[in-house]
Amino acid sequence: LTETLLEMIAQSPAFRAADVRIVPAAPGKATRLHKVLPMANATAYLNLEEAGLLFATRFATSTDAAAALLARGARRVLVTNGDAVTADGSAELGILSAQPRAVRVRRVTGAGDTFMGAHILAEHQGLDRPTALQRALDAAATYVSGEIGT
């Protein structure tokens, strides 16, 4: 989506009434997200590299990235970092983090999509933030390991 279209989305009454989930889909597209991150109902899913691209910097940890995104107006962000700690940052509730379980990596393409899908499902099932985050991390670990999930 273009920056102009993202700005229209950020100002749209229809989108302000929706559950907006933002994913850059590629590191180069992350830099366009500045307009939609401050939406009160938006949740952004980024990896550590994408978070850094938003501010032309590098973050040491996902927690550092989440804190910087929140400080610059984001309302809710989830920042992943492979097998390192993942952060769930909320402007209202602060930052929580969790470590993915260690697995033998057999594939990585699609891990972020798996994480996001499991997280959205967990939240729509009414699970609390820590449980939703852990469910998403477990789903991604299962996917990355090549195990068949149940």
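A few points on the structure. Keep in mind it's a predicted model, so treat the numbers as computed, not measured.

So, the side chain of Thr43
In this structure, Thr43 sits in strand 2 (residues 42–47). Other than its neighbours up to four places away in sequence, Thr43 contacts Val20, Arg21, Ile22, Arg76 and Leu78.

Looking at a nonpolar patch on the surface
A surface patch of nonpolar side chains, about 310 Å² in accessible area, is lined by Leu1, Leu5 and Met8. Relative to the helices and strands, Leu5 resides in helix 1 (residues 3–11).

Comments concerning the pattern of salt bridges
This model, assessed by the stated rule, comprises seven salt bridges. The shortest N-O distance in the salt bridge between Arg21 and Asp19 comes to 2.9 Å. With its nearest N and O atoms 2.8 Å apart, the salt bridge here joins Arg76 to Asp88. Remark: Asp88 occurs in strand 4 (residues 86–90) and Arg76 occurs in strand 3 (residues 76–80); sequence separation between them is 12 residues. In this pair, the class of Arg76 matches that of Asp88, namely buried.

What to know about the packing of aromatic side chains
Overall, the coordinates contain one aromatic pair when judged by the stated rule. Consider the rings of Tyr45 and Phe115, whose centres lie 6.4 Å apart with planes at 75 degrees: the pair is edge-to-face. Of this pair, Tyr45 sits in strand 2 while Phe115 sits in helix 5 (residues 111–124), and the two are 70 residues apart along the sequence. Here the basic side chain of Arg72 rests over the ring of Phe55, its NZ or CZ set 4.1 Å away from the ring centre. Here the basic side chain of Arg107 rests over the ring of Tyr143, its NZ or CZ set 4.0 Å away from the ring centre.

Rules used throughout
- Residues numbered from 1 in each chain as written.
- Predicted model: local features only at pLDDT ≥ 70, side-chain atom pairs only at ≥ 80, totals over all residues.
- Heavy atoms only, no water.
- Helix = DSSP H or I, 4+ residues; strand = E, 2+ residues; numbered from the N terminus.
- Contact = heavy atoms within 4.5 Å.
- Patch = residues over 30% accessible without salt bridge, like charges linked within 9 Å, V, L, I, M, F, W, Y side chains within 5 Å.
- Areas by Shrake-Rupley, 256 points an atom, 1.4 Å probe, with all protein chains shown as cover.
- Salt bridge = Lys/Arg side-chain N within 4 Å of Asp/Glu carboxyl O.
- Buried < 20%, exposed > 50% of the residue type's maximum accessible area, 1.4 Å probe, protein only.
- Phe/Tyr/Trp six-rings, centres within 6.5 Å; stacked < 30°, edge-to-face > 60°.
- Lys NZ or Arg CZ within 6 Å of the ring centre and 35° of its normal.

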